[in-house]
Amino acid sequence: MVGLKEELLKSIWHAFTALDLDRSGKVLSHNLCTVLNVPHDPVALEEHFRDDDEGPVSNQGYMPYLNKFILEKVQGNFDKVEFNRMCWTLCAKKNLSKSPLLISDEDAFKVWVIFNFLSEDKYPLIIVPEEIEYLLKKLTEAMGAGWQQEQFDHYKVALNTSREGLSAWELIDLVGSGQFSKGMDRQTVSMAINEVFNELILDVLKQGYMLKKGHKRKNWTERWFVLKPNIISYYVSEDLKDKKGDIILDGNCCVEALPDKDGKKCLFLIKCLDKSFEISASDKKKKQEWIQAIQTTVNLLRAGSPPPHKEARQKRKELRQKLLAEHEELERQMKELQTANENKQKELETVRKQLEAAAARAAEEEKKRLQTQVELQDRFSLELEREKMVRQKMEEQVAQKSSELEQYLQRVRELEEMYKQLQEALEDEKQARQDEETVRKLQARLLEEESAKRAELEKWHLQQQQTIQMTEAEKQELENQRMIKEQALQVAMQQLEQLELERKEALEQYEEVKKKLETAANNTKSWKDKVAHHEGLIRLIEPGSKNPHLITNWGPAAFTEAELEERQKSWKGKKATSE
């Protein structure tokens, strides 16, 4: 009933949308109740439309009334053609094109009904390009013409660019324009529309003239057979005015071919539960077509499936719905992708701006880097030149140093030789110092002896003075003694002179030794200067005394200051004694 209700609503929608007057909804409701064999309830109708709003488009609307009081009471025992014709009558005058068409009003009505069958289940009603192609193919096949796929593809492209599909009136204009039936006359087009109408709307699966064998008189009579999903009706002629009977089909029926007999050919038998029917086709092809069509119908009844054209329509709708769902899902995904893409574009724009800024910075930095590089290259060139010059100088210095090293080594060798000579000079100096010490000791001894002699001479002089003061008696004696002492003094003087000579000789020896020592000291000083000049590689070792010595005009003394003080005290004591 749901499918039937949808089919009824499509025709009613056309009639309802064509109404102009406020109370025309009542007229439509009355006509619907009449053609659908539904009891008319004028009280409910008046109650529904009692307000003074806009009639059928009231605050409650027309659809609640239609569903509750009309459609829910439909039983299916009505004439679909009469129902559609009533709705067509209400809407055709307002919407049918005034331009001349190649089809009649009756053919336009049938195209309109076919449109309601093939249109989508959404309002406003349209027929999609896939169903238009299906209908045009069926019409072309019924006319016996070839299908122009390329022509329809161009038309489909032009249609898809402007809208989703055609309305019923646009479909009537398309079929009536002859765009896809060029070369066909009006009668051929009308017959094709009628054939498609019978198949799709009246559920006529097959129809045609055949001979039927009677059950009582067993005679063969020509009848017009019409195959529908659950019945085969046969008429006197194809105008369907004089119906002669029905063959009720169900899942228990079967059809089988019969051999030729009684002069009849192309025979087949339809077996039902209560009776069987022998039928003769006009030729073998028709026979096979009818057997196959009837067997297919029986198989559909056994499977509980709808007629092929309705099943095909349902599959096409399901496929379109699936494709639409996939398309919507794809659009949703595309929107998400577009949103994500826009976000990505924004991010990319941000990144691009950042990259541009970074590129600008990088260009500036590159410019600076190149400038710095040029400066560095110039600096490096200068430094390289300087380095080359420095290297050249260093090489020259290395060569010079090598030469100096050779000279230095030569000087080291010379210093070593000088060191040996210095060692020999030090040995000579040491020997000279030893000789000087010996001379000093000898000089000291001579000085001590001279002091002793002087003290003795002074003593003798004192004694002589004392003797002079003695008596004359003693004077001669003293004179004698004086003479003796003078002789002794002369001897002492001679000895003193001898000592003086020895002292002079010792002084000469000392001077000679001092000169040697000065020469050795000068040599030592020259060697010290040379050693100091050659970075102190050799440090001279100078001999020195442990105790400090007095310095005299002749050099270091041979005795210490304490010894000299002792000697002075001794001399003073001796002088005092002699006085």
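A brief report on the enclosed structure follows. As the structure is a prediction and not an experimental result, all values here were calculated from the model.

Comments concerning the overall build of the protein
Step number 1: Counting secondary structure elements, the protein contains 14 helices and 9 strands.
Step number 2: Classification of the 579 residues of the protein by burial places 33% in the buried group.
Step number 3: Counting only contacts in the protein whose residues sit at least 6 apart along the sequence, the fraction spanning at least 24 positions is 62%.
Step number 4: A total accessible area of about 37300 Å² is found for the protein, and carbon and sulfur atoms account for 52% of it.

Focus on the state of the cysteines
Step number 1: Tallied over the full model, the rule gives 0 disulfides.
Step number 2: For the unlinked cysteine Cys91, the closest cysteine sulfur is that of Cys87, found at 7.2 Å.
Step number 3: Judged by its relative accessible area of 0%, Cys91 is buried.
Step number 4: The thiol sulfur of Cys253 is not disulfide-bonded, and the nearest other cysteine sulfur, from Cys272, lies at 3.4 Å.
Step number 5: With a relative accessible area of 1%, Cys253 lands in the buried category.

What to know about the sheet that holds strand 7 (residues 276–280)
Note: strands within a sheet are paired through backbone hydrogen bonds, in either parallel or antiparallel orientation.
Step number 1: Within the open sheet, the 7 strands sit side by side as 4-3-2-1-7-6-5. Their pairing is antiparallel. Two strands in the sheet have a free side with no partner beyond their single neighbour: strand 4 (243–248) and strand 5 (254–258). Adjacent strand axes in the sheet meet at a mean angle of 35° when their direction is disregarded.
Step number 2: Taken together, the 2 bridges between strand 1 (residues 206–213) and strand 7 define a ladder with antiparallel strand orientation. By the bridge assignment, Leu211 is partnered in strand 7 with Ser280.

Focus: the nonpolar core
Step number 1: Counting 63 residues, the largest nonpolar core has Leu32, Leu36, Trp112 and Ile172 as the members making the most contacts within it.
Step number 2: Counting residues per element, this core draws most heavily on helix 6 (residues 105–118), at 9 residues.
Step number 3: Ignoring anything within four residues of it in the chain, the contact list for Ile172 reads Trp88, Leu96, Leu101, Ile103, Ala108, Val111 and Trp112.

A look at the pairing of strand 2 (residues 220–228)
Looking along a regular strand, one sees the side chains alternate between the two faces of the sheet.
Step number 1: When strand 1 meets strand 2, the two strands line up antiparallel, connected through 8 bridges. When the sheet's bridge partners are listed, Lys212 is paired in strand 2 with Thr221.
Step number 2: Direction of pairing for strand 2 relative to strand 3 (residues 231–235): antiparallel, over a ladder of 5 bridges. What sits directly across from Trp224, in strand 3, is Tyr235.

Quick word on the pattern of salt bridges
Step number 1: This model, assessed by the stated rule, comprises 30 salt bridges.
Step number 2: For Glu131, the salt bridge identified is with Arg320, shortest N-O distance 2.4 Å. You can see Glu131 sitting in helix 7 (residues 129–143) and its partner Arg320 sitting in helix 12 (residues 308–468), a full 189 residues away along the chain. Of the two residues, Glu131 and Arg320, both sit in the buried class.
Step number 3: Residues Glu199 and Lys138 are paired through a salt bridge, measuring 2.8 Å at the closest nitrogen-oxygen approach. With Glu199 in helix 10 (residues 186–200) and Lys138 in helix 7, this pair connects stretches of sequence that are 61 residues apart.
Step number 4: On the accessibility criterion, Glu199 (21% relative accessible area) is partly exposed.
Step number 5: Using a relative accessible area of 17% as the deciding quantity, one classes Lys138 as buried.

What counts and how
- Residues numbered from 1 in each chain as written.
- Predicted model: local features only at pLDDT ≥ 70, side-chain atom pairs only at ≥ 80, totals over all residues.
- Heavy atoms only, no water.
- Helix = DSSP H or I, 4+ residues; strand = E, 2+ residues; numbered from the N terminus.
- Buried < 20%, exposed > 50% of the residue type's maximum accessible area, 1.4 Å probe, protein only.
- Contact = heavy atoms within 4.5 Å.
- Areas by Shrake-Rupley, 256 points an atom, 1.4 Å probe, with all protein chains shown as cover.
- Disulfide = S-S within 2.5 Å.
- Pairing = 2+ DSSP bridges.
- Axes fitted to C-alpha atoms, helices over the stretch in contact; angles between N-to-C directions.
- Core = buried A, V, L, I, M, F, W, Y, C linked by side-chain atoms within 4.5 Å.
- Salt bridge = Lys/Arg side-chain N within 4 Å of Asp/Glu carboxyl O.

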